[in-house]
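Notes for the structure review
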Amino acid sequence: MDQTHSKVLLALGSNLDDPVSQVSKALDAIARHPRMSELSRSSLYSSTPRGPQDQDDYVNAAVLISTALSPLRLLQSIQEIEQQFGRVKHRRWGERIIDIDIAFFDDLDIRLDEPDLVIPHREALLRDFVLIPCLEICPNWRLPNGEPLQEHALACDNHNLHKIDVKFGLY
């Protein structure tokens with residue numbers, strides 16, 4: 001019997017140890033994962049930090065995957081990738097070598113509120129550095145209540161988001 005595959009938008013961010021490289025390597029690790037199939041990935045973006053301002057700017061991206069993993073098993077898998085990169089959480093909204101969040105899980109079918117996982121991600125709709133990369137690759141994505149994701153992009157906080165020209169390393 002075939003397992004049902006879900007489409008999932010993952011949001012990535014880094015601001016330590018060559019963040020462009022960290023996000024790029026994390027995207028590659030996701031693409032190589034045996035239980036995740038990459039469908040599309042966004043450009044890389046630079047954003048100012050949310051929270052403590054005594055840290056470097058972030059590099060952000062999004063990737064659309066297809067997976068048969070349940071939301072909680074997917075969370076475990078992406079946490080394993082984060083651990084492979086040496087992720088340590090020092091403070092809330094603080095610096096990190098890599099952060100991978102499940103931003104949205106299926107466009108119409110799922111809403112989840114578990115102690116360790118909330119989907120859609122609790123703050124994704126307030127973050128331009130999540131929404132803009134997601135909308136780049138999924139401009140017609142809809143939330144579980146049917147609202148177009150696009151409607152939230154104009155109302156979210158601005159973190160001086162800029163597309164990064166990776167070829168030249170320019171912002």
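Values in this document were obtained by computation on a predicted structure and should not be read as measured data. For every chain, the first residue of its written sequence is number 1, and the numbers climb from 1 along that sequence. This being a predicted model, a pLDDT of at least 70 is required before a residue's local features are given, and a value of 80 or more before pairs of side-chain atoms are given or counted; all residues contribute to the totals for chains, interfaces and linings. For side-chain calculations, the full set of non-hydrogen atoms in the structure is used, while hydrogens and water are omitted.

What follows covers helix H3 (residues 128–137). Each residue's exposure class comes from its accessible area (1.4 Å probe, protein chains only) as a fraction of the maximum for that residue type: buried when under 20%, exposed when over 50%, partly exposed otherwise. We count a stretch as a helix when DSSP gives it H or I for four or more residues in a row; a strand needs E for two or more, and each element gets its number in order from the N terminus. Of all the 10 residues making up H3, eight are buried; the element is thus mostly covered by neighbouring parts of the structure. Three or more residues of H3 are buried, namely Asp128, Phe129, Val130, Leu131, Pro133, Cys134, Leu135 and Ile137. Looking at the packing, one finds that the buried side of H3 touches strand E1 (6–14), strand E2 (36–41), strand E3 (45–47), strand E4 (58–67), strand E5 (99–105) and helix H4 (150–153). Between two residues, a contact is recorded if the distance between any of their heavy atoms is within 4.5 Å.

Moving on to unusual backbone geometry. Cis peptide bonds are those with omega within 30 degrees of zero, and the linkage from Ile119 to Pro120 qualifies with -5°. Within the secondary structure, Pro120 is located in the loop between strand E7 (118–119) and H3. The phi torsion at Asp17 lies on the positive side, around 55°, for a residue other than glycine. Structurally, the position occupied by Asp17 is in the loop between E1 and helix H1 (19–32). Assessed through its relative accessible area of 57%, Asp17 is described here as exposed.

This next bit is on the pairing of E1. The buried fraction of E1 is high, at eight of nine residues. Sheet topology places E1 next to E5; six bridges connect them, and they run antiparallel. Pairing of Leu9 across the sheet is with Phe104, part of E5. When DSSP finds two or more bridges between a pair of strands, those strands are recorded as paired.

Moving on, we come to the pattern of salt bridges. The working definition used for a salt bridge is a side-chain nitrogen of Lys or Arg within 4 Å of a carboxyl oxygen of Asp or Glu. Summed over the entire model, instances satisfying the criterion amount to five salt bridges. When the shortest N-O distance is used, the salt bridge between Glu123 and Arg50 registers 3.2 Å. Separated by 73 residues along the polypeptide, Glu123 in the loop between E7 and H3 and Arg50 in the loop between E3 and E4 bring together distant segments of the chain. An identical accessibility class is assigned to Glu123 and Arg50; each is buried. Here Asp99 makes a salt bridge to Arg96, at a shortest N to O gap of 3.4 Å. Each member of the pair Asp99 and Arg96 is classed as buried. It is possible to trace a salt-bridge network through shared partners that takes in Asp28, Glu38 and Arg41.

Within the protein, residue pLDDT values average 87, and 91% of them lie at 70 or more. pLDDT runs from 0 to 100 and stands for how confident the predictor is about each residue. Predicted confidence in the protein is weakest over strand E6 (residues 112–113), with a mean pLDDT of 81, and strongest over E4, with 97.

Here Thr67 is to be found in strand E4. Sequence separation of Thr67 and Gly94 is 27 residues, and the distance between their C-alpha atoms is 30 Å. Setting aside residues no more than four positions away along its own chain, Thr67 makes contact with Thr4, His5, Ser6, Val8, Arg35, Met36 and Leu74. For this analysis, a polar contact is any N or O atom pair within 3.5 Å, provided that within protein one partner can donate a hydrogen and the other can accept it, and provided that sequence-adjacent residues contribute only side-chain to side-chain pairs. Polar contacts involving the side chain of Thr67 include one to the main-chain carbonyl oxygen of Arg35, which spans 2.7 Å.

Our focus in this paragraph is the environment of Ser47. Mapped onto the secondary structure, Ser47 falls in strand E3. Separated by 29 residues in the primary sequence, Ser47 and Asp18 have C-alpha atoms spaced 14 Å apart. One polar contact links Ser47 to Asn60, side chain to side chain, over a distance of 2.7 Å.

A few words now on the state of the cysteines. Linking two cysteines covalently via their sulfur atoms produces the bond known as a disulfide. Here, two cysteine sulfur atoms that lie within 2.5 Å of each other are counted as a disulfide. This structure, assessed with the given rule, holds zero disulfides. The thiol sulfur of Cys134 is not disulfide-bonded, and the nearest other cysteine sulfur, from Cys138, lies at 7.3 Å.

Right, let's talk about the packing of aromatic side chains for a bit. Put simply, two rings from Phe, Tyr or Trp (the six-membered ring, in Trp's case) pair if the centres are within 6.5 Å, and we call them stacked under 30 degrees between planes, edge-to-face over 60, tilted for the rest. Using the criterion set out here, one finds one aromatic pair in the structure. The interplanar angle of 50° and the centroid separation of 6.5 Å between the aromatic rings of Phe104 and Trp141 together place this pair among those described as tilted. Here Phe104 is found in strand E5, whereas its partner Trp141 is found in the loop between H3 and H4, with 37 residues between them in sequence. Residue Trp141 is classed as buried on the basis of its relative accessible area, which comes to 5%.

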